[in-house]
Amino acid sequence: MTPNQSPLDPAPLDQATVLAALRARVARLEGLGRARHGMDPVPVAAGIPLPGGGLARAAMHEVAAISPGAAAAFCAVLLARSGGTVLWIASGGPEGLQAWPPGLARCGLSPANLVLVRAERWADALWAMEEALRCPAVTGALLAAEDAARLDLTATRRLQLAAETGGALGLLLRPDGPNPDPSAAASHWRVGPLPSGGGGHGLEDPRWQLELLRARGGRPGGPWAVTWRAASGTLDLEEAEVPVVETRRGQRGR
């Protein structure tokens, strides 16, 4: 402990040890990854117009969460569709945007392909995300930010460059809020829950509202209502017009 460090301060992450452990874990799984899928875009839902037909790999994409559960589930679907080893990185306490593996599995993200990383310090979480994106054996990585203001333009540019180097799908999961900082992400989404069409027994297929706020090389769109069919692994676009779900601070747009 340094002279200026309080006994209650979290200890810095032993980055060399953690990196070696992550590389060893990923090496055991890398046969499942990018060689099978190449650089094909990651599909979202048939009928949603996206440049190239899906989310570009080797790029960062931002997801603003109206509801943590709905947004995390949507991200899990995308990570599962990246086709190989993925990392879910979060910092801070157990609240907010932490991963819940059984719920992620219901969204198609197998625990066998999932590496969970939790860092006490935000700087360590950001470092882990950058290293994950640079690793060619990783097909997708997510960084969960509990504070919408913790990722500035410089940080997102570094992550975008790391994604371009490694070729992975990168996701930034953060709370929705007004007037967020500029970001280098290739696309910006807002995700919230919609009432399910079942009988309220907790077993019905979940429904989400998706809005594409910005897309590099494309146009904004939505809101769209989609239903996740866990049994078939499909995300179905509904034809009916969807009511706009208000953000946590009652604002739309960026």
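Read on for an overview of the structure. (Residues numbered from 1 in each chain as written. Predicted model: local features only at pLDDT ≥ 70, side-chain atom pairs only at ≥ 80, totals over all residues. Heavy atoms only, no water.)

Next up on the list: the pairing of strand S2 (residues 85-91). Across the seven residues that make up S2, a large majority, seven, are buried. Residues of S2 alternate between two faces, with Thr 85, Leu 87, Ile 89 and Ser 91 on one and Val 86, Trp 88 and Ala 90 on the opposite face, all of them buried. Here S2 runs beside strand S4 (residues 138-144); their pairing, made up of six bridges, is parallel. Paired with Ile 89 across the two strands is Leu 143, which belongs to S4. (Buried < 20%, exposed > 50% of the residue type's maximum accessible area, 1.4 Å probe, protein only. Helix = DSSP H or I, 4+ residues; strand = E, 2+ residues; numbered from the N terminus. Pairing = 2+ DSSP bridges.)

Quick look at helix H5 (residues 122-134) now. Between its terminal C-alpha atoms H5 stretches 19 Å, which fits the 18 Å expected from 13 residues at 1.5 Å a residue. Within H5, the full set of buried residues consists of Trp 122, Asp 124, Ala 125, Trp 127, Ala 128, Met 129, Glu 130, Ala 132 and Leu 133. (Expected span 1.5 Å × (residues − 1).)

Structurally, Glu 211 can be placed in strand S7 (residues 207-215). Judged by its relative accessible area of 4%, Glu 211 is buried.

In this structure, Val 44, Ile 48, Phe 74, Leu 173, Trp 189, Trp 208 and Leu 210 are the most contacted members of the largest nonpolar core, which totals 40 residues. Only strand S1 (59-65), helix H3 (68-81), S2, S4, strand S5 (169-175), strand S6 (187-194), S7 and strand S8 (221-229) provide two or more residues apiece to this core. Aside from chain neighbours lying at most four places away, what touches Phe 74 is Val 44, Val 63, Trp 189, Val 191, Trp 208, Leu 210 and Leu 235. Val 115, Ala 162, Ala 163 and Leu 172 belong to the second-largest nonpolar core, a separate cluster that totals 26 residues. (Core = buried A, V, L, I, M, F, W, Y, C linked by side-chain atoms within 4.5 Å. Contact = heavy atoms within 4.5 Å.)

It is worth spelling out H3 at this point. End to end, H3 covers 20 Å across 14 residues, agreeing with the expected 20 Å (1.5 Å per residue, within 8%). Burial within H3 is extensive, with 10 of its 14 residues counted as buried. When we look at burial in H3, the residues that qualify are Ala 70, Ala 71, Ala 72, Ala 73, Phe 74, Cys 75, Ala 76, Val 77, Leu 78 and Leu 79. Just beyond H3, the residue with positive phi is Gly 83, at close to 95°.

So, about the packing of aromatic side chains. A full pass over the atoms with the stated rule returns three aromatic pairs. Arranged with centres 6.5 Å apart and planes meeting at 75°, the rings of Phe 74 and Trp 208 form a pair that is edge-to-face. With Phe 74 in helix H3 and Trp 208 in strand S7, this pair connects stretches of sequence that are 134 residues apart. Each of the two residues, Phe 74 as well as Trp 208, counts as buried. Ring geometry for Trp 189 against Trp 224: centres 6.5 Å apart, planes inclined by 50°, an arrangement best described as tilted. Residue Trp 189 is found in strand S6, and its partner Trp 224 is found in strand S8; the two are separated by 35 residues along the sequence. Judged by its relative accessible area of 1%, Trp 189 falls in the buried class. Among the residues examined, Trp 224 registers a relative accessible area of 15% and is labelled buried. (Phe/Tyr/Trp six-rings, centres within 6.5 Å; stacked < 30°, edge-to-face > 60°.)

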